[in-house]
Amino acid sequence: VTSRLPEILSTLRTAPVPVVARVGGHARAGGIGLIAACDLAVATAKSTFAFSEVRIGVAPAMILVPALRVADRRVLQRATLTGEPFSASVAASAGLLTDVVDDERALDEWVEGAVTAVLKSAPGAVAATKALLTELPELSWSEGLSMAKARSAALFAGDEATAGMDAFLQKRTPPWETTAP
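Residues numbered from 1 in each chain as written. Predicted model: local features only at pLDDT ≥ 70, side-chain atom pairs only at ≥ 80, totals over all residues. Heavy atoms only, no water.

## Digging into the packing of helix α7 (residues 123–135) against helix α8 (residues 141–156)
Here is step 1: Contact geometry for α7 and α8: axes closest at 12 Å, N-to-C directions at 180 degrees. Looking at the two axes, α7 sits roughly antiparallel to α8. Contacts from A128, A131, L132 and E135 in α7 reach M147, R151 and L155 in α8.
Here is step 2: Here the residues of the contact of α7 with α8 are counted per class, giving five nonpolar, no polar and two charged. (Axes fitted to C-alpha atoms, helices over the stretch in contact; angles between N-to-C directions. Helix = DSSP H or I, 4+ residues; strand = E, 2+ residues; numbered from the N terminus. Parallel < 35°, antiparallel > 145°, perpendicular 65-115°, else oblique. Contact = heavy atoms within 4.5 Å. Nonpolar A, V, L, I, M, F, W, Y, C, P; charged D, E, K, R; others polar.)

Okay, structure coming up:
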């Protein structure tokens, strides 16, 4: 698995659709990296997390690549250097989770709500937004504005924008809007 982990993490990060992590139990080591690579992540309040690698004599090297992009460095320092378990509320406040819910039922409802909300959005616009969220933080201010200007112009000139704006003006549902399966 370790040899394929970079490929898996990259696939999660670059998928053209949002990837949701649904955490109904405990996450350890590589599992936290998978969660950090997802676009949205929700866990139950009873879930716990631990970067347990140091406890077995290794470092969470690959896991830190996605984790450092979404989570507070100070929280990660303590968690990765000690291997101590931490709560879902700490994971959320650190940025590893989008939300924490009470139980499994609420977890399912949260995921269903997120998927339903995404399905109301234009697929190309969602893919472009996900790409921007991934790429812009790695650019300088001026490079980011330049890229954003070009992508924005291309999107505004595209078929989805035309269909979306027409649907809005005509007070009808856009052609891509579906409901969750």
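Additional details are given in the paragraphs that follow.
## As for the sheet that holds strand β3 (residues 40–44)
Across a sheet, paired strands are connected by hydrogen bonds in the backbone, their directions being either parallel or antiparallel.
Here is step 1: Within the open sheet, the three strands sit side by side as β1-β3-β6. Their pairing is parallel. Sheet topology places β1 (20–23) and β6 (99–101) at the edges, where each strand pairs with a single neighbour. Between one strand axis and the next, the sheet turns by 20 degrees as a mean value, whatever way the strands run.
Here is step 2: Bridge count between β1 and β3: four bridges; the pairing is parallel. Across the sheet, residue R22 finds its bridge partner in β3, namely V42.
Here is step 3: Helix α6 (residues 104–119) rests against β1, β3 and β6 of the sheet, and its axis sits at about 165 degrees to β3. (Pairing = 2+ DSSP bridges.)

## Notes on the sheet that holds strand β5 (residues 86–87)
Here is step 1: Strand order in the open sheet formed by three strands is β2-β4-β5, with mixed pairing between adjacent strands. The outermost strands of the open sheet, each flanked by one partner alone, are β2 (27–28) and β5.
Here is step 2: The pairing of β2 with strand β4 (residues 48–50) spans two bridges and is parallel. Directly across from R28, in β4, lies its bridge partner A50.

## Some points on unusual backbone geometry
Note on backbone geometry: most residues besides glycine have negative phi, and most peptide bonds are trans.
Here is step 1: With a phi angle near 45 degrees, A29 is a residue other than glycine that sits in the positive phi range.
Here is step 2: Tracing the sequence through the fold places A29 in the loop between β2 and α2 (30–37).
Here is step 3: The backbone of K171 shows a phi angle near 50 degrees, a positive value even though the residue is not glycine.
Here is step 4: With respect to the secondary-structure elements, K171 resides in the segment after α9 (159–169).
Here is step 5: Take K171: its relative accessible area is 77%, and that puts it in the exposed class. (Buried < 20%, exposed > 50% of the residue type's maximum accessible area, 1.4 Å probe, protein only.)

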